[in-house]
Amino acid sequence: MEGFSTTEAAEADELERLRVAAADGRPEAMDDLLRRLEPLVMRRVSKFLPHQHDAEEACQDALVAVATKLHTFSGSGSFAGWVSVVASNSARTTYRALKRRGSERAFETIPERPDPRTTSVIAGSRVDLLEALEALESAKPHLLEAFVLRDLGTLPYDEIARATGVPLGTVKARIHDARAFVRQRLVEQQG
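Note that this is a predicted model, so its numbers are computed, not measured.

Thresholds applied
- Residues numbered from 1 in each chain as written.
- Predicted model: local features only at pLDDT ≥ 70, side-chain atom pairs only at ≥ 80, totals over all residues.
- Heavy atoms only, no water.
- Core = buried A, V, L, I, M, F, W, Y, C linked by side-chain atoms within 4.5 Å.
- Buried < 20%, exposed > 50% of the residue type's maximum accessible area, 1.4 Å probe, protein only.
- Helix = DSSP H or I, 4+ residues; strand = E, 2+ residues; numbered from the N terminus.
- Contact = heavy atoms within 4.5 Å.
- Axes fitted to C-alpha atoms, helices over the stretch in contact; angles between N-to-C directions.
- Parallel < 35°, antiparallel > 145°, perpendicular 65-115°, else oblique.
- Nonpolar A, V, L, I, M, F, W, Y, C, P; charged D, E, K, R; others polar.
- Salt bridge = Lys/Arg side-chain N within 4 Å of Asp/Glu carboxyl O.
- Left-handed = near helix turned anticlockwise from the far one by under 90°.
- Phe/Tyr/Trp six-rings, centres within 6.5 Å; stacked < 30°, edge-to-face > 60°.
- Lys NZ or Arg CZ within 6 Å of the ring centre and 35° of its normal.

### Observations concerning the nonpolar core
One finds Leu-37, Val-41, Val-45 and Phe-79 to be the most contacted residues of the largest nonpolar core, which totals 44 residues. If you list the elements that add at least two residues to this core, you get helix 1 (6-23), helix 2 (27-46), helix 3 (52-69), helix 4 (79-105), helix 6 (127-139), helix 7 (141-152) and helix 9 (168-190). Of all the elements, helix 2 adds the most residues to this core, at nine residues. The contacts of Val-45, once residues within four sequence positions are left out, are Ala-55, Ala-58, Cys-59, Ala-87 and Ala-91. By size, the runner-up hydrophobic cluster in this structure holds nine residues, among which are Ile-160, Ala-161, Val-166 and Val-171.

### So, the packing of helix 8 (residues 157-164) against helix 9
The geometry of helix 8 relative to helix 9 is characterised by a closest axis approach of 9 Å and an angle of 105° between their N-to-C directions. One element, helix 8, and the other, helix 9, form an angle in the roughly perpendicular class. Facing helix 8, whose interface residues are Tyr-157, Asp-158, Ile-160, Ala-161 and Thr-164, helix 9 presents Leu-168, Val-171, Lys-172, Ile-175 and Arg-179. Residue classes in the contact of helix 8 with helix 9 are distributed as six nonpolar, one polar and three charged.

### Concerning the pattern of salt bridges
Summed over the entire model, instances satisfying the criterion amount to 12 salt bridges. Taking the shortest distance from any N to any O, the salt bridge between Arg-96 and Glu-137 comes out at 2.2 Å. A residue pair is termed long-range when its members are at least 10 positions apart, and Arg-96 in helix 4 and Glu-137 in helix 6 qualify at 41 residues. With relative accessibility at 26%, the residue Arg-96 sits in the partly exposed group. A salt bridge links Glu-159 to Arg-162; its shortest N-O distance comes to 2.8 Å. Residue Glu-159 and its partner Arg-162 are located together in helix 8, separated by three residues, close to a single helical turn. Beyond isolated ion pairs, a larger network of salt bridges with shared partners links Glu-11, Glu-14, Arg-17 and Arg-36.

### Some remarks on the packing of helix 1 against helix 2
Direction vectors running N to C along helix 1 and helix 2 enclose 145°, while the axes themselves pass 8 Å from each other. Seen from above, helix 1 lies across helix 2 with left-handed handedness. On helix 2, the residues that touch Glu-11, Glu-14, Leu-15, Leu-18, Arg-19, Ala-21 and Ala-22 of helix 1 are Ala-29, Met-30, Asp-32, Leu-33, Arg-36 and Leu-37. Considered class by class, the residues forming the contact of helix 1 with helix 2 number eight nonpolar, no polar and five charged.

### Section: the packing of aromatic side chains
One pass over the full model with this rule turns up three aromatic pairs. Consider the rings of Phe-73 and Phe-79, whose centres lie 5.4 Å apart with planes at 75°: the pair is edge-to-face. We note that Phe-73, like Phe-79, is buried. One Lys or Arg, Arg-150, reaches over the ring of Tyr-157 and ends 4.3 Å from the middle of that ring. One Lys or Arg, Lys-172, reaches over the ring of Tyr-157 and ends 5.6 Å from the middle of that ring.

Put into structure tokens, the structure is as follows:
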């Protein structure tokens, strides 16, 4: 496994062993797999969601999705890369739900103490980025996945190419275009 330390390679091998066993229907393997994935998933969703409780909610949703959709992993790219995509999607879904709840509550009377679950979306340090990602998804959805996997998931370019099934040059171009789009949106939001 080029570019991996011995520890990372051993971890990837163990995840693959557990994935195969869980896909074969062994419940104890699924439990072990999810337990092993939880720190990775939590790191990924925390990059999107500034409030710990929100990140935990997204993490649990992502782990449920991994368990129920494990059979959809095609084997192109690494399993950890696939999990990163699932985690990123879960974080974005959680963000949207929190944003909806926040806008619905805006019409109610303002509570004495702010609800930390909506405060995360309203006052979180990553809100501008999440709004820029929503705009990117709406305007140029083909750029979103590569950008999220690289800049938020920290996957290497070649891994993103395998995970998305597009050539390496296309991945790099998409990430470049997405960064320009997001940068412009962030500038506009601050202006």
